[in-house]
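Listed here are the chains, written in short residue letters.
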Amino acid sequence: MNLSTLFLIIVAGTVVAYFLGHRRSFAVAKPVGGVRNLATLPSYYASMMGLWALVPALMVVLLWSVLDSAIIDSLVKSTMPSEAKQLDDDSFGLIYNQVENVAVGIGSIDALGREYEPAVERLRNLNALSDKAMPILTIVVLLLGAALGFKGIKATHNARYAVERAFNIFLFVCSSIAIFTTFGIVASVLFESINFFQKVPFFDFVFGTHWSPQIAIRADQAGASGSFGVIPLIAGTLLISVIALSIAVPVGLMSAIYLSEYATTRARGIIKPALEVLAGVPTVVYGFFAALTVAPAVRRVGDSLRDWGANNGIDWLANLAVSSESALAAGMVMGVMIIPFVSSISDDVINAVPQSLRDGSFGLGATQSETIKRVIFPAALPGIVGGILLAASRAIGETMIVVMAAGLAANLTINPLEAVTTVTVQIVTLLVGDQEFDSAKTLAAFALGLFLFVITLCLNVIALKVVKRYREQYD
Amino acid sequence: MLDTAKETYQTAGEPFLDEPKMRVRNADVFYADKQAIFDVNIDIGKNEVISMIGPSGCGKSTFLRCLNRMNDTIDICRVTGELFLEDQDIYDRSIDVVELRARVGMVFQKPNPFPKSIYENVAYGARIHGLTDTKVELDELIEKSLHRCGLWNEVKDRLEEPATGLSGGQQQRLCIARAIAVNPEVILMDEPCSALDPIATATVEELIHELSENFTICIVTHSMQQAARVSSRTAYFHLGKLIEVNDTSKVFTNPEHQLTEEYITGRIG
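Residues numbered from 1 in each chain as written. Chains lettered and ligands numbered in written order. Predicted model: local features only at pLDDT ≥ 70, side-chain atom pairs only at ≥ 80, totals over all residues.

Participant: I keep staring at the overall build of chain A and nothing clicks. Help me out?
Facilitator: Scanning chain A from N- to C-terminus turns up 18 helices and 2 strands. Scaling as 2.2 N^0.38, a compact globule of 475 residues should have a C-alpha radius of gyration of about 23 Å, whereas chain A reaches 33 Å, well beyond that. Projecting the C-alpha coordinates of chain A onto the three principal axes gives extents of approximately 95 × 80 × 35 Å. In chain A, the share of contacts with a sequence separation of at least 24, taken over all contacts with a separation of at least 6, comes to 76%. (Helix = DSSP H or I, 4+ residues; strand = E, 2+ residues; numbered from the N terminus. Rg over C-alpha atoms; globule rule 2.2 N^0.38 Å. Contact = placed C-beta atoms within 7 Å.)

Participant: Is there a simple way to think about the overall build of chain B in this case?
Facilitator: Within chain B, the regular secondary structure consists of 10 helices and 11 strands. The C-alpha atoms of chain B give a radius of gyration of 19 Å, which matches the 18 Å a tight globule of 269 residues would have. Taken over the C-alpha atoms alone, chain B extends approximately 60 × 45 × 35 Å along its principal axes. In chain B, which comprises 269 residues, the proportion classed as buried is 46%. Across chain B, contacts joining residues at least 24 apart in sequence account for 70% of those joining residues at least 6 apart. (Buried ≥ 20, exposed ≤ 12 C-beta atoms within 10 Å, placed from the backbone.)

Participant: When you look at the interface of chain B and chain A in this model, what are you seeing that I'm missing?
Facilitator: When the parts of a complex come together, some accessible area is lost, and that lost area is often used as the size of the interface. Counting from both sides, the interface comprises 21 residues of chain B and, opposite them, 14 residues of chain A. Within the residue set of the side of chain B that touches chain A, elements represented by two or more residues are helix 2 (97–103), strand 7 (104–107), helix 3 (118–129) and helix 6 (168–180) of chain B. The greatest single-element share of the side of chain B that touches chain A, amounting to 4 residues, is contributed by helix 3 of chain B. Counted by class, the side of chain B that touches chain A contains 12 nonpolar, 6 polar and 3 charged residues. (Nonpolar A, V, L, I, M, F, W, Y, C, P; charged D, E, K, R; others polar.)

Participant: Sorry, what's going on with the nonpolar core here?
Facilitator: Residues Ala290, Ala330, Val333, Ile401 and Ala405 of chain A together with Cys218 of chain B are the most contacted members of the largest nonpolar core, which totals 159 residues. It is helix 13 (residues 327–352) of chain A that provides the largest number of residues to this core, a total of 16 residues. Setting aside anything within four residues of it in sequence, one finds Val333 of chain A in contact with Tyr286, Phe289, Ala290, Val294, Ile401 and Ala405 of chain A. Core analysis: the next-biggest nonpolar cluster, separate from the first, contains 19 residues, Met49, Trp52, Val60 and Ala159 of chain A among them. (Core = buried A, V, L, I, M, F, W, Y, C linked by C-beta atoms within 7 Å.)

Participant: What should I look at first to understand the packing of helix 2 (residues 42–77) of chain A against helix 6 (residues 117–151) of chain A in this one?
Facilitator: Two numbers describe a pair of packed helices, the interaxial angle and the distance between the axes. Residue and element names in this part refer to chain A. Packing of helix 2 against helix 6 leaves a shortest axis separation of 8 Å and a crossing angle of 165 degrees. Here helix 6 runs roughly antiparallel to helix 2, going by the angle between their axes. Classified by chirality, the crossing of helix 6 by helix 2 is right-handed. By residue class, the composition of the contact of helix 2 with helix 6 is 22 nonpolar, 5 polar and 2 charged. (Axes fitted to C-alpha atoms, helices over the stretch in contact; angles between N-to-C directions. Parallel < 35°, antiparallel > 145°, perpendicular 65-115°, else oblique. Left-handed = near helix turned anticlockwise from the far one by under 90°.)

Participant: Sorry, what's going on with helix 1 (residues 3–32) of chain A here?
Facilitator: Owing to its 3.6 residues per turn, the α-helix brings residues three or four apart onto one side. Residues and elements named next belong to chain A. Here helix 1 contains 30 residues, and its C-alpha end-to-end distance of 43 Å stays within 8% of the 44 Å for a straight helix at 1.5 Å per residue. Buried within helix 1 are the following residues: Ile10, Gly13, Thr14, Ala17, Tyr18, Gly21, Arg24 and Ser25. If you follow the buried residues of helix 1, they end up packed against helix 2 and helix 6. (Expected span 1.5 Å × (residues − 1).)

Participant: Looking at this structure, how should I read the pairing of strand 7 of chain B?
Facilitator: Working note: regular strand, side chains alternate between the two faces of the sheet. All names here are of chain B. Side chains of strand 7 alternate between two faces, with Val104 and Met106 and Gly105 and Val107 buried alike. Two strands pair when backbone bridges link them, and strand 7 and strand 8 (residues 186–190) are joined in this way by 4 bridges, in the parallel orientation. In the sheet register, Val107 faces strand 8, and the bridge partner there is Met189. (Pairing = 2+ DSSP bridges.)

Participant: How should unusual backbone geometry be read in this particular structure?
Facilitator: With the exception of glycine, most residues fall at negative phi, and the peptide bonds are largely trans. All names here are of chain B. Notably, Asp39 is not glycine yet its phi reads approximately 45 degrees, a positive angle. Counting through the fold element by element, Asp39 comes out in strand 3 (residues 34–44). Of note in this structure, Asn47 is not a glycine but carries a positive phi near 50 degrees. Its location among the elements puts Asn47 in the loop between strand 3 and strand 4 (49–53). Overall, Asn47 belongs to the partly exposed group, with 15 C-beta atoms counted inside 10 Å.

Participant: Hey, could you run me through the packing of helix 6 of chain B against helix 7 (residues 198–211) of chain B in this one?
Facilitator: All names here are of chain B. With their axes 9 Å apart at the nearest point, helix 6 and helix 7 run at an angle of 20 degrees to one another. The angle between helix 6 and helix 7 places the two elements in the roughly parallel class. Judged by the twist between their axes, the crossing of helix 6 over helix 7 is right-handed. Touching Gly168, Gly169, Gln172, Arg173, Ile176 and Ile180 of helix 6 are Ala200, Thr203, Val204, Leu207 and Leu211, all from helix 7. Looking at the contact of helix 6 with helix 7 residue by residue, the classes come out as 6 nonpolar, 4 polar and 1 charged.

Participant: Explanation requested: the environment of Asn127 of chain A in the structure shown.
Facilitator: Along the chain, the position of Asn127 of chain A falls in helix 6. Between the C-alpha atoms of Asn127 of chain A and Ile72 of chain A, which are 55 residues apart in sequence, the distance is 7.8 Å.

Participant: Help me understand the environment of Ile376 of chain A, please; the structure alone is not making it clear to me.
Facilitator: Residues and elements named next belong to chain A. As for its placement among the helices and strands, Ile376 is situated in helix 15 (residues 368–397). Ile376 gets classed as buried once you count the C-beta atoms within 10 Å, which come to 22. C-alpha of Ile376 to C-alpha of Leu357: the two residues are 19 residues apart in sequence and 7.8 Å apart in space. Those residues in contact with Ile376 that lie beyond four places of it in its chain are Ile350, Val353, Arg358 and Thr371.

Participant: Hey, could you run me through the environment of Ala27 of chain A in this one?
Facilitator: One can find Ala27 of chain A in helix 1. As for Ala27 of chain A and Ser439 of chain A, which are separated by 412 residues in sequence, their C-alpha atoms are 71 Å apart.

What follows is the structure, given as structure tokens:
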């Protein structure tokens, strides 16, 4: 019997247990004078019985799946020939894999050696036993659990505490899943990063100003020594993020102020959803908009400025060079992409400023713009800053637009007209294609990922702190 | 031109005065299609304290907010009729609302200090109206305003601290100080004590009494005792109509209108 059938049986059993419990509680209620004389409501008794059926059965399935292979392994090991037992762990693992394969019918016993026949036989038997025993045990436990729950339905027993506690634990488990996932991600990135830092010194990585991750694969390969200085990538990331924010913050903030303070209900009803459509555009679409429309336009404008400069003898203009992949183009499009972040968070915090403050200001004769400048904006500022920081971590983590529009050249520059590259773009290029997980080139991606994670984490923590301070202000 | 459909209402008592500070004639207020105020006629005298009483939803706050055009901030609100501050029609197109509100200040039900320092709260009006030229003048103005509200001794050492840290009563007096710093002619108070405890209420009532030497004060209150304590005239509103206006003592001892009597004896509430 496979696992999904078993799960269906458990679910069905739980439902049946619930309804049985429901009926049982009414039966129990009758002699004592009705449901109102029970310690709690029938639905709580029913839930208790359902939980008694569900939880132990689930535990059996879970424990069995975890322990099954370990127990079988140790039992099979005792029947292996003595020479196999003396092998080191890796070689033994290989042999054991072959035994497993033969047991399920891949490969023949002759290739492995007749002396392994008892082991193969044992494994086959144990697997067959396990396949039969687990569903049986599970169903028995389910029935026992249900019976226990059934006995627990007494007029004097308050099932509510147990059910509430079970619900509490269930909610806790749900909320911890996200946390464990985060830990898992950090751990996986962390271990690969540690491998990387064994090959490349930490300070060379953090303070190095040259990024060229090509390293020699063969000993006789020339011209690719590999250097892993992260500074140009950080500079590129920051440059693009600054350009993006310098577009998104003013535009987003002004539209938020317009929407929350000036716009009529009708205008707001049209503009706000329209702005939020921006957030729904896939980043890859922004990417080709940046690469195919904005970047060439930036270049054309740059070229015509240069020609004009050359004709009029303005030297610095005549030397203007615009790369066809520029930080400016990528940054501008990214800025448009994060406008809705800034505007919708700012809109929310501006709306959260109490109306009484507006009234107070108007009552003293302030105009609408004075009220916004002197009262609403300062009051909403912490929340707005929080929104901007969230938008900033979005900009720093954004990949698709920069992959398509900013280029791959790791230039250390603050000139927005040159091609730059970012941390995320390099992670993508390092991990695309065939990988060797023992080369510094591949491992560098994980170190970059960790670096990026730390930066955005810090930004998010600051953002949350700021937003929290704001919340406390009016409570 | 007379609108024939317009409802008229005859207020009992003595709504009119000689040489009033503010004059209201045939005022109607609508929220969208719903009429909230019906044909109110009243004069507000110079340096008097007039209280507006009446059951909840009777339109007394709405009427008060007409007097400095605070209703302008509500999109669906429409005011018709004639409202004069001395000789000026305050709903005239040429009137500057900013200047009007500098002359007719307002204090609200819930203390609403800005999330700024105590100093900046009082300086707010002076700054937006450009009342002072130098820092010294501004300091003087702030000290004077806080003095008049009896708050100076309590806050003089903590002017730079946030105003939100003051107690409720102190915050409300700060809001009054903020209003009088602009030196208005009329101060509108919308249930200024309803969020305060009895001791803070007494302090504010005393303050209203002192301020009446220099300012005209219109106070909306749901406490008849408060109206009796602080005001010289009282106006009773009922379902959007101004039922009766008379000297406070007369309203509370010998009301002319039956509705007024029912209200002050507790039969409507």
